[in-house]
Every structure is written in structure tokens, then in C-alpha cells.
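# Overview (structure and organization)
Letter by letter, the chains look like this.
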Protein chains: 2
Amino acid sequence: MRMEAERAEIPASDSTGVQPLRSLEKGLRLLELFNRETPFLTMTELARRSGFHLSTIQRLTATLCNLGYLKRDENKRYHLGVKVIKLGFQVMRTLELRTLIRPYLQDLFNVVGLTVNLFLTVDDEVVIVERLEKHRILQYNLQMGSSLPMYCTAAGKTILSFMGEKRAQNYLKRVSMKPFTPHTITDPGKFLKELTLSRERGYAINTQELSLGACAVGMAIFDKEEMPRGAISLACPAQHFKMETVIEKYIDPLKKASRIASQFMGNSKE
Amino acid sequence: MRMEAERAEIPASDSTGVQPLRSLEKGLRLLELFNRETPFLTMTELARRSGFHLSTIQRLTATLCNLGYLKRDENKRYHLGVKVIKLGFQVMRTLELRTLIRPYLQDLFNVVGLTVNLFLTVDDEVVIVERLEKHRILQYNLQMGSSLPMYCTAAGKTILSFMGEKRAQNYLKRVSMKPFTPHTITDPGKFLKELTLSRERGYAINTQELSLGACAVGMAIFDKEEMPRGAISLACPAQHFKMETVIEKYIDPLKKASRIASQFMGNSKE
DNA sequence: TTCTAATTATCGCTATACGATATCTCTTGT
DNA sequence: ACAAGAGATATCGTATAGCGATAATTAGAA
């Protein structure tokens, strides 16, 4: 019975008829449990968070440790192994979009003189894939590879706004809207209203919702199916820039860059 | 029979009595096949390179695609998925040594005024875990997370020099010493001689062996078992600096930093 | 077109991964 | 110091998940 419940958490592979490999799925799920909030996890914590049987955790951790994907410290806490880094950076090299769009981002950067970010969607977050930094404003040390929530970033919000009401609502069910600053939107109703507004005008704004003193405007990037896959955002310190003037002055170059990026993703609209 | 041969490639988990999970191992092995030389691989190529049965590849790729760890382009070539990035950067955040040693690397950087790199060993390569860049000299765009061969880097050579004759020889059996420049050492015998020299003086030198115009000196970092686990290196453009004077002037601060790093790794020598 | 190579789908067998349980190792409180 | 409890390891019989073979399909090349 408990076993059934466990299985239920991993939906069957539906994209193809090939049977999915359960232990591989579980192993990767386990790796994903290590994040900013919980970089160190013990066996029982892993069991609790994953829902997997403790014996399963034993086998998974042993295997992952052997391969260098997990390490264990003297307190028997596990953390991700250095080996994972190599994979991570291999992806950065591979990402076609990133290399293709880079010169255009540089152009954008030269024109606007603000921090330029290229985001891609991963699960329920956005990951910085390219970044040209102007001002050091954030509390956080953002860099390429950093992943951020969608509900408090301009990039995430514009992406969500184009995913459709249904999907946005499901997103809100999944995540908890933890307030990063007093400006963080934590009310789902209010958030959905702003998504509508964002979709209508074609861009989303973040006013100090992730980090005090930091504002941004983001425009989505679409693939060939017209689905938002990522976004480009301009970020600036709140005290030196008025968002309205930033938008008025720079929305066109931003639009241009995001359209080019969309084209690189196979989008051919207009 | 063929099955047996396949199994033989994955040695049994020996660190603990727990049985290893074959399909998890295979899945991760598959991901590791994607590297700088071969960022895109088709199913049959994967089968060839891994030695796994084609049916196995089917299952592995399907599972990994579902989870977002692999993507497939329109030509049915697979490449690593964006999801891997998140894991990669989570490691960077987690790495204790990196955060602990950072201020000391900054000190070192201020004193020497050369590019400072912190490397950790991963498999048969060294991975840049922290980097303070002074001169833009390399052909390659090195950055945090980049992985490099050991046989043509100061960091890799000093690490190898302290791993013991036996292990160094095994290393040489595994890797092919592809020449990056005319200065790259490609003769195993000559290389082993230099390792001996490096061990005796306590540091290794790289004279344009990876990239023309780039020199470096590296010192190893040891863990509590006196095993080299990484290295700190100073890099500079060859035409503006004489290696002998660099070493004479800066070997002491470099030694100091690498000793502190060793202490952070639990090493308590002297 | 035909031939070849690669990809996708199907299936029965058995090694494999499963969960339960027992043992061992800690920490914590009395 | 000892007991109690929680957590980590080891063991084991069983069911099933993953295995390889092979067939069917598609895509390219000649």
C-alpha cells in the first residue's frame, strides 16, 4: 500500500512507450532535493523529503557517492559532489541559444547601460544563462547559473503571464510565495491580476520584490510552439532609475533582443 | 556473454555492502559522455561509447529526457538539458572550501597581482572552483566550473606529483596526452621525470603547455589523509613575466594560501 | 526504387531492486 | 552509567523492474 503511494509520485513516462527506469528517476530526484535552503541532508531527511523507503535511500546514496555525485561529511550529512559541476558547465557550453544571442545581448547592454540577464525556464524556476552586469545592487550574488523563483522576478513573471491561466494557477498551487522583501507579492489573486496586466502590455515588472533596491523589466522568449521558454530582463538600482522612464527609453531594444532570441528558438511569428 | 562484458565495466560498489543500482549508474555514465568534444550524441553513438545495449540506451534516454536532464534536437541528437545547470551551481554554493578560502585567495591576489585559480580534482581532470582573473591571456575562455586536463596544467601536475608513482602511471595509461601547443608534454617518460622534480620542489610549473603565451605555477592542497585533492595556481602571460622571478617573489604567499586551504580540508600537517 | 542503417516498439525471462526486519551505533536524558 | 530512542547499516526472500532479443518502422543513401 505504501509502495503504491510511493509509485504514484513518479508519473509514468508518457512521451514515449519506453518504460521509464525507476531507480534512475529516483536517483536524480534525490539529487534535486539539495538546494539553497537544504544543501546538507541526512539519510532520514532524504527519506522524508523524497517519500522513498529508507532502504531505497541507502542504495541510492551509496550508488551516488560511489560515482562522486554525492559526498558525505563526518556528520553523515550528504551534499552534492564536485562531479556535478562538470556536467553543469558542459551544459553552459552546449546551450545554443546562449552563444547565438550573446552578441545581441552585448548590443543591448551597450545601448541601455543596465544589467542584462538571459533566463531559461527550468521546472518552476528561472536560471540565469547569460548575464552582463552593470550595477552591483543585489543582496544576492547573482551569476550565471543562479536559479530564482518565478513569482518575484521580472523574467519569471513575464514567462508565467504567457503560459496560460491554467498553468499559472497550477504553478501557484505548487510553490509557496515566500516574501523576500516587503514588496514581494504573496497573494495569489493579486498575483494573477498582475499576470494579466503583464500579458496585455507584453512585459513584466519587478519592483524590489526579490531584493530591496533592485528593479527589473522582463520580456519573454518564445519557441516555435509560441510557448514562453525564457526571458530577457533589464535590471537597475531602484534609487537611481525610475521604472517608467527606463521602460519608455529601453523597451524597444529589449523587444528587439527578445524577438531575435525567439527566432533562435525556432519561433517565426511575424 | 556480452552482458557479462558490459557488467564488467561497472565495478561493484566496494565502499559499502549496499548493492549498487545499475540503471542509476548507467544513467549518470551516459550523462558523462557529453563533453567538450562530443556535446551532441545520437542513440547509436551513445550505445557505442557506453558499451550498453541499444535497448538500454532507449530506456535511459527516455527517462533522462522526461526528467529534463537530456534534450533531443530535430536531428535526433541528444544533448544535456538545462536542468543540469541548477545542480551544477548548487554545488558551487555548497562547496565549503571555496567559501572558506575565498578571502585568502583575495589576499593572495592583492599581493601577487596575477590570476589566481582554485582547482579541485574531479576524475582525471581539474575543475576551476574559484578564479580571480588579472590578465586576459588564454585562448580559452576559462571561468569557474571549467574543467581542464591534468597533464598540461600547473595545478594538475602538482596534484599528480603527490599522488604517488603508481597512481600517476595509471593516470597516464588512461588519458591520451593530446598536444595543445608545441610545448605540451606528450612523452609519458619525460612527464614522469618532471613529476618527480615537481614533487621535490613542492610546486609544478606550466610553461605554455595548455595555451600559447600562458604560464602558471601551482601548489597542491592536501586533505587529512595527506592526499592531494586540489591546487592553487598563479597564472600570467609568458611575454611579460619571467617564471623564475615570479616564483622567487610569490612562492611564499602561494605556499601560505595552499597551506590554509589544506587546513580547511582537515589537513593538520605541522 | 531498393538497400542499409538507425530508431522505435514489443515481449518473455530472470537478475535486480524492492521493502521488511534485524542489528548496530550513536545521541540524549535520567 | 544505563536505558531509551533515533538513526544508520546489514541481511534476505520475493516480486517486478530492467534486461536483451528481435520485430516493426522510419530515414537516408545509392
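Fair warning: this is a prediction, and the values are worked out from it, not measured in the lab. (Residues numbered from 1 in each chain as written. Chains lettered and ligands numbered in written order. Predicted model: local features only at pLDDT ≥ 70, side-chain atom pairs only at ≥ 80, totals over all residues. Heavy atoms only, no water.)

## Considerations on the sheet that holds strand 6 (residues 204-207) of chain B
The condition that has to hold: Strand pairing is assigned whenever DSSP detects at least two bridges linking the two strands. Secondary structure elements follow DSSP: runs of H or I of four or more residues count as helices, runs of E of two or more count as strands, with numbering from the N terminus. As a rule, the C-alpha atoms of each element are fitted with a line to give its axis, helices using only the stretch in contact, and angles between N-to-C directions run from 0 to 180 degrees. Residue contacts are defined here by distance: any two heavy atoms, one from each residue, within 4.5 Å place the two residues in contact.
The strand order across the open sheet formed by six strands is 5-4-3-8-7-6 (chain B), and the pairing between neighbours is antiparallel. Both edges of this open sheet fall to strand 5 (147-149) and strand 6 of chain B, since each of them pairs with a single strand only. The average angle at which neighbouring strand axes cross in this sheet is 30°, direction not considered. Alignment of strand 7 (residues 214-222) of chain B against strand 8 (residues 228-237) of chain B, held across nine bridges, turns out to be antiparallel. Residue Cys215(B) lies in a different strand from strand 8 of chain B, and its bridge partner there is Cys236(B). The strands touched by helix 5 (residues 83-94) of chain A within the sheet are strand 3 (115-122), strand 4 (125-132) and strand 5 of chain B, with strand 4 of chain B carrying the most contacts at an inclination of about 75°. Of the strands in this sheet, strand 6, strand 7 and strand 8 of chain B are in contact with helix 10 (residues 243-264) of chain B, which crosses strand 7 of chain B at around 30°.

## A short note on the domain arrangement of chain A
Accessible area lost upon the coming together of the parts serves often as the stated size of an interface. Where we set the bar: Boundaries between domains were set according to an automatic or database domain assignment.
Domain boundaries assigned for chain A yield domain 1 (2-86) and domain 2 (95-264). One C-alpha centre belongs to domain 1 of chain A, the other to domain 2 of chain A; they are set 31 Å apart.

## What to know about helix 9 (residues 188-201) of chain B
Residue and element names in this part refer to chain B. Using the following cut-off: Each residue after the first adds 1.5 Å to the expected span of a helix. Residue burial is assigned from relative accessible area. The probe radius is 1.4 Å, only protein chains are included, and a residue is buried under 20% of its type maximum, exposed over 50%, and partly exposed in between. Throughout, the arc means that of the directions going from the helix axis to the C-beta atoms.
The end-to-end C-alpha separation of helix 9 is 20 Å, in line with the 20 Å expected for 14 residues at 1.5 Å each. Taken together, the buried positions of helix 9 are occupied by Phe191, Leu192, Glu194, Leu195 and Ser198. The arc enclosing the buried residues of helix 9, seen along the axis, measures out at 160°, which places them on a common side. In helix 9, the exposed residues that point more than 90 degrees away from the buried face are Lys190, Lys193 and Glu200. Residues of helix 9 that are buried in the fold lie against helix 7 (154-161), helix 8 (165-174) and strand 6.

## A closer look at unusual backbone geometry
Apart from glycine, the bulk of residues carry a negative phi angle, and the bulk of peptide bonds sit in the trans form. Even without a glycine there, the phi angle at Gln208(A) is positive, about 55°. By the secondary structure assignment, Gln208(A) is in the loop between strand 6 (204-207) and strand 7 (214-222).

## Some thoughts on the pattern of salt bridges
Any two side chains of opposite charge can pair if their charged atoms end up close together. We apply this condition: Salt bridges are defined by distance alone: a side-chain nitrogen of Lys or Arg within 4 Å of a carboxyl oxygen of Asp or Glu.
Counted by the stated rule, this structure contains 26 salt bridges over all chains. For Glu130(B), the salt bridge identified is with Arg98(B), shortest N-O distance 3.3 Å. Separated by 32 residues along the polypeptide, Glu130(B) in strand 4 and Arg98(B) in helix 6 (residues 96-112) bring together distant segments of the chain. Neither residue differs from the other here; Glu130(B) and Arg98(B) are each classed as buried. The network of salt bridges with common partners includes Glu32(A), Asp123(A), Glu125(A), Lys83(B) and Lys86(B).

## A closer look at the sheet that holds strand 5 (residues 147-149) of chain A
Strands in a sheet are paired, the pairing made by backbone hydrogen bonds, and the direction either parallel or antiparallel. Taken together, six strands build an open sheet; the order of strands is 5-4-3-8-7-6 (chain A) and the sheet is antiparallel. The sheet is open, and its two borders are formed by strand 5 and strand 6 of chain A, each paired with just one other strand. Between one strand axis and the next, the sheet turns through 30° on average, direction left out of account. Packing against the sheet, helix 5 (residues 83-94) of chain B makes contact with strand 3 (115-122), strand 4 (125-132) and strand 5 of chain A, and its axis sits at approximately 75° to strand 4 of chain A.

## Here's the deal with the packing of aromatic side chains
Definition in use: Aromatic pairs are defined between Phe, Tyr and Trp rings, using the six-membered ring for Trp, whenever the two ring centres lie within 6.5 Å; interplanar angles under 30 degrees are classed as stacked, those over 60 as edge-to-face, and all others as tilted. Two limits define a charge over a ring: the Lys NZ or Arg CZ must be within 6 Å of the ring centre, and within 35 degrees of the ring normal.
The final tally for this structure, using the stated rule, is seven aromatic pairs over all chains. A ring pair is formed by Phe89(A) and Phe89(B), whose centres lie 5.3 Å apart and whose planes are at 40°; its orientation type is tilted. Within this pair, whereas Phe89(A) is found in helix 5, its partner Phe89(B) is found in helix 5, the two belonging to separate chains. Comparing Phe89(A) with Phe89(B), the two get one shared label, buried. An angle of 40° between the planes, with centres 6.4 Å apart, marks the rings of Tyr151(B) and Phe180(B) as tilted. One end of the pair, Tyr151(B), is in the loop between strand 5 and helix 7; the other, Phe180(B), is in the loop between helix 8 and helix 9, and 29 residues separate them in sequence. Take Tyr151(B): its relative accessible area is 3%, and that puts it in the buried class. Lying over the aromatic face of Phe40(A), Arg77(A) brings its terminal NZ or CZ to 4.3 Å of the ring centre.

## Points about the relation of the copies chain A and chain B
In summary, the two copies of the chain are related to each other by a rotation about an axis coupled with a shift along it. Put simply, the rule reads: Here the copies were fitted onto each other by least squares, based on C-alpha atoms from residues at pLDDT of at least 70 in both.
Note on the copies: chain A fits chain B at an RMSD of 0.1 Å, the axial shift is 0.0 Å, and the rotation between them is 180°. Here the transformation between the copies is reduced to the relation of a two-fold axis. Looking at chain A, 100% of its interface residues are interface residues in chain B too, so the copies touch through the same face.

## A short note on the interface of chain A and chain B
How we decide: Buried area adds together the accessible area that both of two parts lose upon being put together, with accessible area traced by a 1.4 Å probe. Polar contact is the term for a pair of N or O atoms within 3.5 Å; when the atoms are in protein, one must be able to donate a hydrogen and the other to accept it, and sequence-neighboring residues count only if both atoms are side-chain atoms.
Every contact between the two is made by 59 residues of chain A and, on the other side, 59 residues of chain B. Buried surface at the junction of chain A and chain B, summed over both partners, amounts to about 5500 Å²; 70% is from carbon and sulfur atoms. Summed over the three residues of chain A that lose the most area to chain B, namely Leu24(A), Lys86(A) and Phe89(A), the buried surface amounts to 11% of that side. For Lys83(B), the salt bridge is made with Glu32(A), and the minimal N-O distance between the two is 3.3 Å. Across the chain A-chain B interface, the total number found is 15 residue pairs in polar contact (both at pLDDT 80 or more). Contributing elements (two or more residues each) for the side of chain A that touches chain B: helix 2 (22-32), helix 4 (54-67), strand 2 (78-80), helix 5, strand 3 and strand 4 of chain A. The leading source of residues in the side of chain A that touches chain B is helix 5 of chain A, at 12 residues.

## Observations regarding the side chain of Ser147(A)
Examined against the element boundaries, Ser147(A) turns out to sit in strand 5. On the accessibility criterion, Ser147(A) (10% relative accessible area) is buried. When sequence neighbours within four positions are dropped, the list of residues in contact with Ser147(A) reads Arg36(A), Glu125(A), Val126(A), Val127(A) and Lys86(B).

## Looking at the packing of helix 8 (residues 165-174) of chain A against helix 9 (residues 188-201) of chain A
Residues and elements named next belong to chain A. Our working definition: The handedness criterion is simple: a crossing whose near helix is rotated anticlockwise from the far helix by less than a right angle is left-handed, and one whose near helix is rotated clockwise is right-handed.
With their axes 11 Å apart at the nearest point, helix 8 and helix 9 run at an angle of 145° to one another. Like other packed secondary-structure pairs, helix 8 and helix 9 cross with a definite hand, here right-handed. On helix 9, the residues that touch Ala168, Gln169 and Leu172 of helix 8 are Pro188, Phe191, Leu192 and Leu195.

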